[in-house]
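# Overview (structure and organization)
This is what each chain is made of:
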Amino acid sequence: MTVERKFSHIEVCLNRNVEFDEKSTGFEDVELIHNALPELDLDEISTEVDFMGFRLKAPIIISGMTGGCEASAKINEALAVAARELGIGMGVGSQRAALENSELAYTFSIARKVAPDIFLIANLGAAQFSMGFGVEEALRAVEMIDANALAVHLNSLHEAVQPEGEPKFKGVLAKLKELSSSLSVPVIAKETGAGISMEIAPLIEGAGVKCVDVGGAGGTSWAAVEYHRALAVGDELHASLAKLYWNWGIPTAISICEVRSSSKLEIIATGGIRSGLDAAKAIALGASVVGIALPLLRPAFEEGSSGVIRYLKRFIEELKVAMFLVGAKSISELREVPVVITGSTAEWLRLRGVDVEAYARRTKIFK
Ligand SMILES: Cc1cc2nc3c(=O)[nH]c(=O)nc-3n(C[C@H](O)[C@H](O)[C@H](O)COP(=O)(O)O)c2cc1C
């Protein structure tokens, strides 16, 4: 059943509108200040970054999407080859199916096989840990792909609205703590489209987790995915639940600021990152790197690694131009540039006590 579900997720994401339609990431309210005298040449700009002990050539992680069926082995292979060629990181999708049936392990381990040296992230769901998974299953997932980190996905919205969902989240924080102290690789707490708030980030940090993937609102909506799936099988209850929560969540730009203001966690900014300019804004707000999922699915599925590489090369050029225009020669300089936040994003942040003026004047922002 897990295998069939994985394939139907891919099909729906390829063929339907699955993005937020009444809410955005908030990046349209975020402006970087143009620097008319950057005193550098575009070709001097370096996008290299140190992230969780790895040197990445660009601050990009291909977000965990798939595994568990034949089609997803091909997708993971294409994504991993692209990550290898571009020197960036990658996550695989939930490995639960392969823990249940070891014959499916190759659909994940293909990524490590074709890209022996990339920063590769294993993936399991929080609900599984709430329902009995522990260190042993986590170790098996990490070993399956010789992973450099384990992402535990926090997808309460998805579990609550999907027909075969398991909305069980009791005890997850304690499991995060146990995993952080027992595994030899770092743990990443990963939302999948509803964002992480300033209240939750310190709890995650306190559990010994080193990094959050904010997985904010504005990109792929898992409620939207489940709406289409429920409709297709005539499940009216779940279709209406999923429609109601289609636009639920903390926008990505806001989630970065909330997490940054309340913790020292490394941040992967995922959720609706659709251009190198979005990436530049996310990093200037405090993200370490960005994550991209949906835009890479079609090129990986239809064209293989060449399509993924073409998309990401353009994305990296867009990021470099943003860095040139703000006069940032490196990713660490980009983290220091002033950012003006206006509109409803600023209103939200002010109400929540985040110092928007400090971003604009680049005074003290970080905890
Ligand atoms: C087809 C597809 C499958 C996904 N499967 C997983 C998964 O198994 N585990 C997970 O943590 N996130 C999963 N995600 C969520 C992504 O990693 C990402 O957090 C989310 O899609 C937001 O990024 P985006 O707006 O760039 O798509 C999936 C996303 C897509 C599009």
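In this report, we go over the structure that sits alongside the text.

Thresholds applied
Residues numbered from 1 in each chain as written. Predicted model: local features only at pLDDT ≥ 70, side-chain atom pairs only at ≥ 80, totals over all residues. Heavy atoms only, no water. Near = heavy atom within 4 Å. Polar contact = N/O pair within 3.5 Å; in protein donor to acceptor, adjacent residues only side chain to side chain. Areas by Shrake-Rupley, 256 points an atom, 1.4 Å probe, with all protein chains shown as cover. Helix = DSSP H or I, 4+ residues; strand = E, 2+ residues; numbered from the N terminus. Salt bridge = Lys/Arg side-chain N within 4 Å of Asp/Glu carboxyl O. Buried < 20%, exposed > 50% of the residue type's maximum accessible area, 1.4 Å probe, protein only. Pairing = 2+ DSSP bridges. Phe/Tyr/Trp six-rings, centres within 6.5 Å; stacked < 30°, edge-to-face > 60°.

### Things to note about the site of the ligand
- If you check the shell around the ligand, you find 23 residues, and the closest are Gly64, Ser94, Lys190, Thr220 and Arg274.
- Between the ligand and Met65 there is a distance of 2.9 Å, counted from a nitrogen atom to a backbone nitrogen or oxygen.
- Between an oxygen atom of the ligand and a side-chain N or O atom of Arg274, the distance comes to 2.8 Å.
- Relative to its unbound accessible area of 610 Å², the ligand is 97% covered by the protein chains.
- Contributing elements (two or more residues each) for the shell around the ligand: helix H1 (2–15) and helix H14 (294–302).

### A few points about the pattern of salt bridges
- Throughout the structure, instances matching the rule amount to 16 salt bridges.
- A salt bridge links Arg314 to Glu318, with the nearest nitrogen and oxygen atoms 3.4 Å apart. With Arg314 and Glu318 both in helix H15 (residues 305–326), this residue pair falls four residues apart, about one helical turn.
- Looking at Arg314, the relative accessible area reads 47%, which means it is partly exposed.
- Among the charged side chains, a network of salt bridges with common partners joins Glu48, Asp50 and Arg55.

### Examining the pairing of strand E11 (residues 289–292)
- Residues Val289 and Gly291 of E11 are buried on one face, and the alternating residues Val290 and Ile292, pointing to the opposite face, are buried as well.
- Here three bridges tie strand E4 (residues 60–62) to E11, and the two strands are oriented parallel to one another. In the sheet register, Ile62 faces E11, and the bridge partner there is Ile292.
- The pairing of strand E10 (residues 266–269) with E11 spans two bridges and is classified as parallel. Note that in E11 the partner of Ile268 across the bridge is Val289.

### So, the packing of aromatic side chains
- Using the criterion set out here, one finds five aromatic pairs in the structure.
- Centre to centre, the rings of Phe129 and Phe133 are 6.1 Å apart; their planes meet at 85°, and the pair counts as edge-to-face.
- Since its relative accessible area comes to 2%, Phe129 is described here as buried.
- Look at Tyr227 and Trp246: their rings are 5.6 Å apart centre to centre, the planes differ by 55°, and that puts the pair in the tilted class. With Tyr227 in helix H10 (residues 222–232) and Trp246 in the loop between helix H11 (236–244) and helix H12 (252–262), this pair connects stretches of sequence that are 19 residues apart.
- An aromatic cluster of at least three residues, connected via ring pairs, comprises Phe51, Phe54 and Phe119.

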